[in-house]
Structures are given as C-alpha cells and as structure tokens.
Amino acid sequence: MLPLIANSLVAGLRERWQQRVYRWIDRRSPRALQVQLTRKNLYTFPNFTGLLYLLAALVIWLLGTNYQNNLILGLSYLLISIFVVSILHGFANLSGITVRFVSARPTFAGDSAAFVLELTCIHKAGCDNLELRWQNGETQTVTLNYNEPLQVTVRCESRTRGYLRPGRLLVQSRFPLGIIRCWSWLNLDAVALIYPAPIATDEPHAQASDGREEGGTSQRGGDDFSGLREYQPGDPIKHIAWKQFAQDKGLFTKEYQAYFSAEKWLDWDSLNHLQELRLSGLCYWAMEYERRQIPFGLRLPGIAIAPALGDYHQQTVLKALAEFNLPREANHAR
C-alpha cells in the first residue's frame, strides 16, 4: 500500500513540475507556425552518460592530486576540456535551425496522425543526429545539410475524432560525443483532422431514386425486360423468344434485369446506435460506397450534403462526420 501511495505522490510531483517548466518555456517561445532555434529557446545539460564522464574525470583528478602525478592530472584536464568543447559544438549543432509546420494529413481515430514539418539549417557544417518527436509520439532522426530545406513526417497517435493538437515538439541532439544533450520544446501551431474510426454496422436503408436514372445499377434476374441475346444451352424455356423463332430469325433468349437505386443516403436516423458508433458506421459506409462507385449523400441533424462521388466529396463527408457535435472551442482549432 505504501509503495503505491509513494509512486502516486512522485507522479503527481513530477507532473506539477513539468507543467511549471512547460509554462515557463511557453512564455519564452509562444505558439507559432514557424520557430527558429536560438540561445533563447535552446537548453544544454549533461545527460546520464555525461554525468558519468564528469565523475570519471573527477576520480582521475583526485588520483593525480593524491599521487602528485602530472600525467594523470593532465589527462583529467584534457577530459574536462573535451567536455567544455562538446557543450559548444552541441549548441552550435542546433543553433539557427528553423522548424516550420507545413501540413497534417487527415486520418482515422486510433491511427497515427502524420504531421509534415520543414527544417532548414543555416549552420554551414549542417546538423547531425537531430531527433524530433511529439510529447507522446515516435522519434524521427534526421541529418540536415546547409541551407537545404528538408520535409520530415513526425507521427502522433490519435484517440478520438475531431481536431488533434499533438502538443509540444521535442527537438534534441546528443552530438558530437553523446555526453551533452542540447534540446528545445517547441509549441508549434499544428493541428490534424481525425475522422471517426470506420466500424461495420447495418447499412443505412434510405435510398434516393428508382435506379432508372443515369448512373443506376442493375442486376440480372429481375422483372424488367432489358433485351435479347443468343440462346445458350441451359437457358430457361420460358425465357426463349418464340416470336422471333417463329419468324425464322433464330433462337434467342430474353434477358431481364432488376434496377437498384443510383444513389444512397447516409442518414443519421437510419442507424440505432450511440452517437460515436453511428458516426463510425456512417464513416464505414461512406468509404464502402466510394469503393463501389455508388453516389452517396449525408444527412445529419442540421447538415445535408447532396449525393455525389469523388475524393473531394468523400473528404467533405468525412470532415462533416469528424466535426459533428464538437465543442465550439474544438472547431476554433482549425
């Protein structure tokens, strides 16, 4: 019981400390679409390996002092000099880099959202081993050349539909020796649209027309006469065109087709589920109708989108599903 309480207290203290640090960072680097790394937003400190390096240098210095050995003392001074030079090179490796948010590709809830960033380095030596990641995302490592913009895709997991703000972007490097960590937390004005997760449900039953219009679909075996074709062994006798046979025109078989609706409606009232499951079901059928090339429209409370086909129409429908009943402040995130 006591270890659980202690762990919860430590986690709470760590979270409060992080929030205070982030607020301090945000005051120094407010939210923007583009940020340049300078001495105002770059931070340098030894990592765990660097602390061990300093401890080893201190032990060597104590040994040299104790035994009055100039060679050992010289080694400790050399190690300290390398450490100081690493600080300068680590800072110079990131200084001057410009990070700009370009775009974010829409995705479905539960998948990782892809944010496209453009990085430009004005340091003539370039930038080596640059690591990028969102607060809860995957790490992407890149190397930049002098004055050559590079577009990088950094991913962040999505959980719910709507507009996703990935949080702060960590930019860091352990160049050149891995003993100094130079980093910055950037508050980029990045946002991605997240569609509902497609879930197979009952098909919405509302239809728009009788199918005889242009673009309607048909299936053999219905009640409507569609034409004649040459007789093939096995055709039903009742479908043989006896009139044409009596006129010595040959043996033909009558074909019948059933016509289906040329358009479908994704109707909110046609599904009897909770809100999120309804949206996921409508999202699934929007993708299915597009795959089958069946024109479809959307009816939501207060929203109506006419039936159509194409990538633009599909994106419009999915966007309406993603934004449905979102809080007002969430819509302002666009």
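That block above? That's the structure.
Residues numbered from 1 in each chain as written. Predicted model: local features only at pLDDT ≥ 70, side-chain atom pairs only at ≥ 80, totals over all residues. Heavy atoms only, no water.

Some thoughts on the packing of helix α2 (residues 48–67) against helix α3 (residues 70–94)
Line of reasoning, step 1. It is the contact of α2 with α3, at a shortest axis distance of 7 Å, that shows an interaxial angle of 155°. The angle between α2 and α3 places the two elements in the roughly antiparallel class. Crossing handedness for the pair α2 and α3: left-handed. Across from G50, Y53, L54, A57, I60, W61, L63, G64 and T65 in α2, the residues of α3 making contact are I72, L73, L75, S76, Y77, L79, I80, I82 and F83.
Line of reasoning, step 2. Here the residues of the contact of α2 with α3 are counted per class, giving 14 nonpolar, 4 polar and no charged. (Axes fitted to C-alpha atoms, helices over the stretch in contact; angles between N-to-C directions. Helix = DSSP H or I, 4+ residues; strand = E, 2+ residues; numbered from the N terminus. Parallel < 35°, antiparallel > 145°, perpendicular 65-115°, else oblique. Left-handed = near helix turned anticlockwise from the far one by under 90°. Contact = heavy atoms within 4.5 Å. Nonpolar A, V, L, I, M, F, W, Y, C, P; charged D, E, K, R; others polar.)

Considering the side chain of R278
Line of reasoning, step 1. Tracing the backbone through its elements, the reader meets R278 in helix α5 (residues 275–292).
Line of reasoning, step 2. Buried and unpaired, R278 has D269 as its nearest opposite-charge partner, separated by 4.5 Å.
Line of reasoning, step 3. Residues contacting R278, with those up to four places away along its chain left out, are W268, D269, L271, N272 and H273. (Buried < 20%, exposed > 50% of the residue type's maximum accessible area, 1.4 Å probe, protein only. Lys, Arg positive; Asp, Glu negative; His and termini not counted. Salt bridge = Lys/Arg side-chain N within 4 Å of Asp/Glu carboxyl O.)

Focus on the nonpolar core
Line of reasoning, step 1. Core analysis: the biggest nonpolar cluster contains 31 residues, and I97, F115, L117, L130, W134 and L169 have the highest contact counts within it.
Line of reasoning, step 2. Those elements giving two or more residues to this core turn out to be β3 (98–105), β5 (112–120), β6 (127–134), β7 (140–144), β8 (150–157), β10 (169–173), β11 (180–186) and β12 (192–195).
Line of reasoning, step 3. Setting aside anything within four residues of it in sequence, one finds L117 in contact with V99, R100, F101, V102, W134, L150, Q151, V152, V154, L169 and L188.
Line of reasoning, step 4. Residues Y195, A286, F296 and F324 belong to the second largest nonpolar core, which totals 26 residues. (Core = buried A, V, L, I, M, F, W, Y, C linked by side-chain atoms within 4.5 Å.)

Quick word on the packing of aromatic side chains
Line of reasoning, step 1. Applying the stated criterion across every chain, the model contains 9 aromatic pairs.
Line of reasoning, step 2. Each ring, one from Y43 and one from W183, has its centre 6.0 Å from the other, and the planes form 45°; the classification is tilted. Pair noted here: Y43 is in strand β2 (residues 43–46) and W183 is in strand β11, with a separation of 140 residues, a long-range link. Per residue, the accessibility class of Y43 equals that of W183, and both read buried.
Line of reasoning, step 3. Ring centres 6.1 Å apart and planes at 20° place the aromatic pair Y53 and F83 in the stacked group. (Phe/Tyr/Trp six-rings, centres within 6.5 Å; stacked < 30°, edge-to-face > 60°.)

What to know about the environment of S76
Line of reasoning, step 1. Mapped onto the elements, S76 comes out in helix α3.
Line of reasoning, step 2. Apart from the residues within four sequence positions on either side, S76 is in contact with A57, I60 and W61.
Line of reasoning, step 3. Of note is the side chain of S76, whose polar atom sits 2.6 Å from the backbone oxygen of L73. (Polar contact = N/O pair within 3.5 Å; in protein donor to acceptor, adjacent residues only side chain to side chain.)

A closer look at the pattern of salt bridges
Line of reasoning, step 1. Going through the model one piece at a time under the given rule, you end up with 9 salt bridges.
Line of reasoning, step 2. Here R161 and E276 are joined by a salt bridge, their closest N and O atoms 2.9 Å apart. Of this pair, R161 sits in the loop between β8 and β9 (162–164) while E276 sits in helix α5, and the two are 115 residues apart along the sequence.
Line of reasoning, step 3. R161 gets classed as buried once you look at its relative accessible area, which sits at 11%.

Examining the sheet that holds strand β15 (residues 264–267)
Line of reasoning, step 1. Read across the open sheet, the 3 strands follow the order β15-β16-β17; overall the sheet is mixed. The open sheet has two edge strands with one neighbour each: β15 and β17 (303–308). The mean angle between the axes of side-by-side strands here comes to 15°, regardless of whether they run parallel or antiparallel.
Line of reasoning, step 2. Bridge count between strand β16 (residues 296–300) and β17: 4 bridges; the pairing is antiparallel. Along β17, the bridge assignment pairs L298 with I305.
Line of reasoning, step 3. Strand contacts of α5: β15 and β16, with the helix running at about 165° to β15, the strand carrying the most contacts. (Pairing = 2+ DSSP bridges.)

Description of the side chain of S86
Line of reasoning, step 1. Along the polypeptide, S86 turns up in helix α3.
Line of reasoning, step 2. Its relative accessible area of 3% is what places S86 among the buried residues.
Line of reasoning, step 3. If near-sequence neighbours (up to four positions away) are discounted, S86 is found in contact with P176, L177, I179 and I180.

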